[in-house]
Amino acid sequence: MLRVPALAVLFFLTLAVPAFGQADYANKQADRQLEFAREELANGDYERALRSAESSLRLTPDYHPAMLLKAQAYEGLEDYPLAETTLLAYLEMAPPTEQDPLARIALERVRAKIEDDAASGSRSRNARLRKSLTEEDIKTFRERVTTNLAAGLCQSARSAAKELTLAAPDVAEGWKLAGDAARCASNTREAAISYRRYQYLGGSDSSVLELIDALSESLATLVVDVADTGSGITPILHMSVAGSIIEPLPAEGGRLGFYDLPTGSDLTLNVQGDGIETEEVSIERLTKAETRTLALTPKVVGHGKLRAAEYDKKVFGVWVTGDEEPVALAPGKALRLTATTVLMRIRTDLGKLDVPVAVVRDSEVVFDPNAHQPAALTVVNLPSGGEASIRMVDGDPLEQRRDLPITGARREPETKVLVSQPQKFKSLRGGTATLSVKHPTLGSASQEVLLLPGEVNATTFDPRQLTGLAREAELLAAKQEKDATKAAAEAKAREEAEAEKAARREQQAIQNRPDLSVKKADTKTIGIVLSAVGGAFLAGGIGAFGYSGYARNTANSWDQYGTSFGLSEQDSADRLAAENAANGSIGAGVGFAVLGGISLPLGIILATKKKK
């Protein structure tokens, strides 16, 4: 009975282990692709960073760090609308506890860019990006839209739908999905535009028409009646709303219609075309459900020629940019262009630069790309978790901003600040630039950098310039000065205390030193002592004389005995000892008597002397 469950468990493990192994392999590969993307982003290679981040997401669709890096790549490519939707998708996808705080800062920055320069080259950028997208991308974006919609992740679905319509702009089904995602994200105008594009491309879902009617009730329409200039030139019209380029659709009577426009704010109609002067026409705010007609007469300005000077095609790429695909300009070749100001794009390994050039009517202008080579700048020691920007001091600012990653950061030895990996800024103009750094806790700082065109320039940022660290350094210096002053005062106090203690010891030594001088008041005592000593010496002398007489008598007795009986050897020795004792005692007696004779009278004199 136990064999069947055991076989079932074995079968499950046989299937599960490879599945877990595949998931682990996919996660490791996703991490690897993300590391590539980080390195490419740090080097300013935004297109490769975008592709690597997308590869990471293809392996692990819910890997939100890759979504954030993808948004940063879009921002680097100056495609701010896509950067915005990708950031919104990241904030929706990432749990609040895992969200990078710099993401919301980047979102505010991108939205400010959209407001300041909504239509700045986005059409040509999108066209260039579209060329790099593949059928696999289209399939991935379509699946990502449907999956996110089913999960209720509206912003993530909207972000994927924008990329889907970019990859496949002529596929009706993609626009329907984009409308569903925008409607899920409560973006009424974007939903209506997407549904209308779906219908225009031949979409036949009848429910979409009902959705358009319902959504259009809060929007407006502008119909443009373009006058015939007799030149056979047809102008190109478009509008920019909230960072999105809106192109017209055919309307009745051969006119052009802009549908589903927002109400409550003024709009701008952009007019340009071959041989037509580029202009912006202001449209006063529209009201809900309003349909307004505008009569437009394009300004025909004619044409001129733009010729490229000789340059090395192995180093340079030179294009004339415009609303459509950029047009390459070969060395020594000329193009017939509208007599207006065009942007010449120069691309090298160090990035790209857009240079404005005025094309003169019925004339030829020569443009030299060698004089406009882009520069690159590598910066080390930038504080991780902050933001760095490069801005030219003169002329076109060409500002670039970048969030400084925490991943791969190291601690700077002197300041102990975590600094990011070296950051490489490309597509800079030669000249003097300002490097500005902001950090949420360390403060801000700026320094000037000289950029040489056509070269990789390098500079080291000093974290000590940051206002927070500068203030800390100032406080530390003040504390050190205060501590040094306090230490000096304490040392001086100790020296004074030691000197005072030494003075007291010296005073006590002086007070306790014995007085060895003989005072007049003590002469009587000295005299008495000398008298006693003198008397003792005299007594000793008398005693010595007495002993000398005794010894002399003994010697004489031995002489008499020897005369009568003779002396033995021992007897002779005893006699000699008696004679020596007699002689020694006489000498001692004389000495004692002399000392006593001196001391006794002197003592009597001192003892009896009167004080003055």
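Residues numbered from 1 in each chain as written. Predicted model: local features only at pLDDT ≥ 70, side-chain atom pairs only at ≥ 80, totals over all residues. Heavy atoms only, no water.

### A look at the sheet that holds strand 15 (residues 364-367)
Our working definition: Two strands make a pair as long as DSSP finds a minimum of two bridges between them. Helix and strand assignments come from DSSP, with helices taken as H or I runs of at least 4 residues and strands as E runs of at least 2, each series counted from the N terminus. Helix axes are fitted to C-alpha atoms over the stretch in contact, other axes to C-alpha atoms as well, and angles between N-to-C directions run from 0 to 180 degrees.
Pairing in this open sheet of three strands is mixed, and the strands run 12-9-15 from one edge to the other. The sheet is open, and its two borders are formed by strand 12 (334-338) and strand 15, each paired with just one other strand. Pairs of neighbouring strands in the sheet enclose a mean axial angle of 30 degrees, with direction left out of account. The sheet contact formed by strand 9 (residues 303-308) and strand 15 spans four bridges and is parallel. The partner of A308 across the bridge, within strand 15, is F367.

### Side note on the sheet that holds strand 5 (residues 256-261)
Pairing is mixed across the open sheet formed by four strands, whose spatial order is 4-5-1-8. Looking at which strands have only one partner, the edges of the open sheet turn out to be strand 4 (249-250) and strand 8 (291-296). Bridge analysis of strand 1 (residues 220-226) against strand 5 gives four bridges, and the strand direction is antiparallel. Within strand 5, the position partnered with V224 by the bridge is L256.

### Thoughts on the nonpolar core
Defined as follows: To define a nonpolar core, start from buried Ala, Val, Leu, Ile, Met, Phe, Trp, Tyr and Cys residues and group those joined through side-chain atoms within 4.5 Å. When a residue's accessible area, from a 1.4 Å probe over protein chains only, is under 20% of the maximum for its type it is buried; when over 50% it is exposed; and in between it is partly exposed.
L41, M67, L69, L87, Y90 and V110 are the most contacted members of the largest nonpolar core, which totals 34 residues. At the level of secondary structure, the elements contributing two or more residues to this core comprise helix 1 (3-42), helix 2 (46-59), helix 3 (64-76), helix 4 (80-93) and helix 5 (102-116). At nine residues, the largest contribution of residues to this core is made by helix 4. A388, M392, L404 and V419 belong to the second largest nonpolar core, which has 22 residues in total.

### Here's the deal with the side chain of E40
What counts here: Note on charges: Lys and Arg go in the positive column, Asp and Glu in the negative column, and His and the chain ends are not counted at all. The term salt bridge refers to a pairing of a side-chain nitrogen on Lys or Arg with a carboxyl oxygen on Asp or Glu at a separation within 4 Å. The contact definition used throughout considers only heavy atoms, calling two residues in contact when any of these lie within 4.5 Å.
Position of E40 among the secondary structure elements: in helix 1. For the buried residue E40, which engages in no salt bridge, the nearest side chain bearing the opposite charge is R48, 5.5 Å off. Those residues in contact with E40 that lie beyond four places of it in its chain are D45, R48, A49 and S52.

### Observations concerning the packing of helix 9 (residues 172-184) against helix 10 (residues 188-200)
The axes of two packed helices give the description: the angle between them and the distance between them. What counts is decided by this rule: Angles below 35 degrees are treated as roughly parallel, those above 145 as roughly antiparallel, those between 65 and 115 as roughly perpendicular, and all remaining angles as oblique. By convention the crossing between two helices is left-handed if the near helix lies anticlockwise of the far one by an angle smaller than a right angle, and right-handed if it lies clockwise.
At a minimum axis distance of 8 Å, the contact between helix 9 and helix 10 shows a crossing angle of 165 degrees. By the criterion of interaxial angle, the relationship of helix 9 to helix 10 is roughly antiparallel. In terms of crossing hand, the pair formed by helix 9 and helix 10 is left-handed. Of the residues in helix 10, those touching helix 9 at A172, E173, W175, K176, A178, G179, D180, A182 and R183 are E190, A191, S194, Y195, R197 and Y198.

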